[in-house]
Amino acid sequence: MINTKVILASRPKGFIEDHNFDIQTSALPKLNDREVLIEIEAISLDPAIRGWMNEGTTYIKGIEIGAVIRTFSAGKVIQSKNPDFDEGDYVSGLLGAQQYCISDGKNLTPIDISKGKLTYHLGILGMPGMTAYFGLLEKGKPVEGDIIFISGAAGVVGAAVGQIAKIKGCTVIGTAGSDAKCDYLINECRFDHAINYKTEDVDIQLKKYAPEGIHIYYDNVGGPILDLALQNLARGARVVFCGAISQYNAPEIYGPKNYMKIVTARGTMTGIIVFDYIDQYPKAVKEIAQWIEEGKITIKEHIINDLENFPSALQMLYTGKNFGKLILTT
């Protein structure tokens, strides 16, 4: 069997480019004991991939030059020499941007597709959904009546955070980069307010929608919008850093200018790394699946086909061209 895979050909300097990747093929080896062969059907394109392409180690080691691009992927077990997995089982994990993956079974997550179609387990029922769930509930600690502000709110994490916050009785404000995305936040995700940061003054709108300040800021963007959020904090506010997509391709990182507002607001700043909650995933998946069934959470996906399109599809994340959870199908 021949495997098609996306390889890291060179490390990007600034914005990722096509030449940073290479599409290669190679023959698959035979399975060893306790290994499984997975046919990958869907690949999750997430902002974190850009950080993983850098050299060195942060919370996870950077991808080596010549290695398969690290991604969360999902597919079906088609051969098994592992007693814990049967042929026909669906699984997900860090399986990479490739057509097939041989795994020793460690760190594979079984997928129950009765709780949602396969791609949902890379989005709302996968790492992004878990990030939203634990980032908001464990780090943001929402209280009924809180006002929450979410940057990058039309992305899968931001949209999930906002919808969970609504379930918890919060007033929800989000930013997005187009009128269509803002309409989606209001009409489908049931946000209370949406701000088009490209055409509206975010500071003016925040003061209008939250005159007494915001209680939770969930940051997916970083950069200047973080400064605006900090200067509009309410007393006791919680700032949750999830991502900084505006900075991932920047040659120099933009640091916050209004961080002393945390002091005057008697607030807190914290970060979320979703792997810290991996043992609690089943509980979160069960609860989110229930909310989906009850119509309390809606999902929007942006599907692109063919591994050959991986480089251009990944670039969409950092230009805002995708609308919904970005998935590549093989």
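Our subject in this report is the structure included herewith. (Residues numbered from 1 in each chain as written. Predicted model: local features only at pLDDT ≥ 70, side-chain atom pairs only at ≥ 80, totals over all residues. Heavy atoms only, no water.)

**Comments concerning the overall build of the chain**
Point 1. Looking only at helices and strands, one finds 9 helices and 15 strands in the chain.
Point 2. For the chain, the C-alpha radius of gyration of 20 Å lies close to 20 Å, the compact-globule estimate for 330 residues.
Point 3. Dimensions of the chain, computed from C-alpha atoms along their principal axes, come out at roughly 65 × 45 × 35 Å.
Point 4. A buried classification covers 51% of the 330 residues belonging to the chain.
Point 5. For the chain, restricting intrachain contacts to residue pairs at least 6 apart in sequence, the fraction spanning at least 24 positions comes to 66%.
Point 6. A total of about 14900 Å² of accessible surface is found on the chain, and carbon and sulfur atoms cover 50% of it.
Point 7. The average position of the 33 basic charges and that of the 38 acidic charges among the side chains of the chain differ by 4 Å. (Helix = DSSP H or I, 4+ residues; strand = E, 2+ residues; numbered from the N terminus. Rg over C-alpha atoms; globule rule 2.2 N^0.38 Å. Buried < 20%, exposed > 50% of the residue type's maximum accessible area, 1.4 Å probe, protein only. Contact = heavy atoms within 4.5 Å. Areas by Shrake-Rupley, 256 points an atom, 1.4 Å probe, with all protein chains shown as cover. Lys, Arg positive; Asp, Glu negative; His and termini not counted. Charge placed at Lys NZ, Arg CZ, Asp CG, Glu CD.)

**Observations concerning the pattern of salt bridges**
Point 1. Using the criterion set out here, one finds 9 salt bridges in the structure.
Point 2. Between Arg34 and Asp84 there is a salt bridge; the shortest N-O distance is 3.3 Å. Taken together, the positions of Arg34 in the loop between strand E2 (21-27) and strand E3 (36-44) and Asp84 in the loop between strand E4 (73-80) and strand E5 (90-93) put the pair 50 residues apart, joining distant regions of the chain.
Point 3. For Arg34, a relative accessible area of 43% translates into the label partly exposed.
Point 4. In this structure, the salt-bridge partner of Lys207 is Asp203, at a minimum N-O distance of 2.8 Å. Pair noted here: Lys207 and Asp203 are both in helix H5 (residues 202-209), with a separation of 4 residues, about one helical turn. (Salt bridge = Lys/Arg side-chain N within 4 Å of Asp/Glu carboxyl O.)

**A short note on the nonpolar core**
Burial of nonpolar side chains together is a common tendency in soluble globular proteins.
Point 1. Of all hydrophobic cores here, the largest spans 81 residues; its most connected members are Leu45, Ile69, Ile148, Leu185, Phe310 and Leu314.
Point 2. Broken down by element, this core gets its largest block of residues, 7 residues, from helix H2 (residues 127-140).
Point 3. Not counting the four nearest positions on each side in its chain, Leu45 is found in contact with Phe310, Ala313, Leu314, Leu317, Lys325, Leu326 and Leu328. (Core = buried A, V, L, I, M, F, W, Y, C linked by side-chain atoms within 4.5 Å.)

**Topic: H2**
Point 1. Burial analysis of H2 places 12 of its 14 residues in the buried class, which makes it a mostly covered element.
Point 2. What H2 keeps buried is the set Met127, Pro128, Gly129, Met130, Thr131, Ala132, Tyr133, Phe134, Gly135, Leu136, Leu137 and Gly140.
Point 3. Where H2 is buried, its residues touch strand E8 (147-150), helix H3 (156-167), strand E11 (214-219), strand E12 (233-241), helix H8 (281-293) and strand E15 (325-329).
Point 4. Just past H2, the residue Lys141 takes up positive phi, approximately 50°.

**Side note on the packing of aromatic side chains**
Point 1. Tallied over the entire structure, the rule returns 11 aromatic pairs.
Point 2. Considering the side-chain rings of Phe21 and Phe310, the 5.7 Å spacing of their centres and the 70° angle between planes classify their relative orientation as edge-to-face. Of this pair, Phe21 sits in strand E2 while Phe310 sits in helix H9 (residues 310-317), and the two are 289 residues apart along the sequence. Here Phe21 matches Phe310 in class, with each residue buried.
Point 3. Members of the aromatic cluster, each reached through a chain of ring pairs, are Tyr133, Phe134, Tyr277, Tyr281 and Trp291.
Point 4. The residue whose ring lies beneath Arg70 is Trp52, and the NZ or CZ to ring-centre distance is 5.4 Å.
Point 5. Note that Lys181 overlies the ring of Phe323, its terminal NZ or CZ placed 5.9 Å from the centroid. (Phe/Tyr/Trp six-rings, centres within 6.5 Å; stacked < 30°, edge-to-face > 60°. Lys NZ or Arg CZ within 6 Å of the ring centre and 35° of its normal.)

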